[in-house]
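Secondary and tertiary structure notes
One letter stands for each residue in the lines below.
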Amino acid sequence: MIICQFVICLFIALSLLIQPSPGAAANTGVIEGSLSYPSDFIPPDMTICAENLATKKIYSTRNHLKARKYQYKVGYKLAVPPGDYHVYAYLPDPAKYGASYPPDYRAYYSEFVKCGQTVDCKSHAPIVVKVKSGETVSGIDPQDWYK
C-alpha cells in the first residue's frame, strides 16, 4: 500500500513537471490570412511559411482552414515567436498543377497584394509582418503569384 501511494505521488509530481508552463504558449503570436492560387482551386499541398528576418528560421504549415471569413473560404493560421517576418506560400511540386515556375517560387504577402493586385500595383516587395507575443496578426495573405 505504501509503495502504491509512493508511485501515485511520484506519477503526479512527474506529470506536473512535464506539463508546459503557462508562459510557453504566451510567448508566441499568430499570423493568419487567406490563401489563393491563380486557378479555380487552391492546391491542397500549398505550404505557408513565415521566415523570421533576424534568425532566418522558417515556420510553416500545410494546414488549410475552411471558413467563410477567408477570401475564397480557405485560410491558414501559423503560431510563431515574436519577431519580424516575411510570409509566403509555395507549392512543393508546381508541375503537378501545370505551373511552369520552379519549386522554389514563392508567393509573398507583398505590396502588390496590399495594393489590390491590379495592373496599377507596381511593387512586389514583401511586407514585413511584425508579430508580438499573445497577439494575432490577421489579413496576411500570401497571394502574390504574379511576379
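All figures in this text were calculated on a predicted structure; none of them were measured in a lab.

Side note on the packing of aromatic side chains
Tallied over the entire structure, the rule returns 10 aromatic pairs. Arranged with centres 5.7 Å apart and planes meeting at 45°, the rings of Phe41 and Tyr97 form a pair that is tilted. Taken as a pair, Phe41 in the loop between β1 (29–34) and β2 (47–52) and Tyr97 in the loop between β6 (83–90) and β7 (107–108) lie far apart in primary sequence, 56 residues in all. The class of Phe41 is partly exposed, set by a relative accessible area of 34%. Summarising the aromatic geometry, the rings of Tyr88 and Tyr108 are spaced 5.3 Å apart at their centres and angled 55° between planes, so their arrangement reads as tilted. Taken as a pair, Tyr88 in strand β6 and Tyr108 in strand β7 lie far apart in primary sequence, 20 residues in all. Here Tyr88 falls in the buried class, since its relative accessible area comes to 3%. On the basis of relative accessible area, Tyr108 is assigned to the buried category, the value being 14%. By way of ring pairs, the aromatic residues Tyr37, Phe41, Tyr97, Tyr101, Tyr105 and Trp145 are connected into one cluster. Seen from the ring of Tyr88, Arg106 lies directly overhead, with NZ or CZ sitting 4.2 Å from the centre.

Things to note about the environment of Gly134
Topologically, Gly134 is positioned in the loop between β8 (129–131) and β9 (136–137). On the accessibility criterion, Gly134 (62% relative accessible area) is exposed. For the pair Gly134 and Pro81, spaced 53 residues apart in sequence, the C-alpha separation works out to 9.4 Å.

Description of the pairing of β6
Across a regular strand the side chains alternate sides, sitting on one face of the sheet and then on the other. The element β6 is largely enclosed, with a buried count of 6 among its 8 residues. Alignment of β2 against β6, held across 6 bridges, turns out to be antiparallel. Within β6, the residue paired with Thr47 across the bridge is Tyr90. Bridge count for β6 against β7 is 2 bridges, and the pairing is antiparallel. Bridged to Tyr88 within β7 is Tyr108.

A word on the pairing of strand β5 (residues 74–80)
Burial analysis of β5 places 5 of its 7 residues in the buried class, the great majority of the element. Note: β1 against β5, 6 bridges, orientation antiparallel. Bridge pairing links Ser34 to Gly75 in β5.

Analysis parameters
Residues numbered from 1 in each chain as written. Predicted model: local features only at pLDDT ≥ 70, side-chain atom pairs only at ≥ 80, totals over all residues. Heavy atoms only, no water. Phe/Tyr/Trp six-rings, centres within 6.5 Å; stacked < 30°, edge-to-face > 60°. Helix = DSSP H or I, 4+ residues; strand = E, 2+ residues; numbered from the N terminus. Buried < 20%, exposed > 50% of the residue type's maximum accessible area, 1.4 Å probe, protein only. Lys NZ or Arg CZ within 6 Å of the ring centre and 35° of its normal. Pairing = 2+ DSSP bridges.

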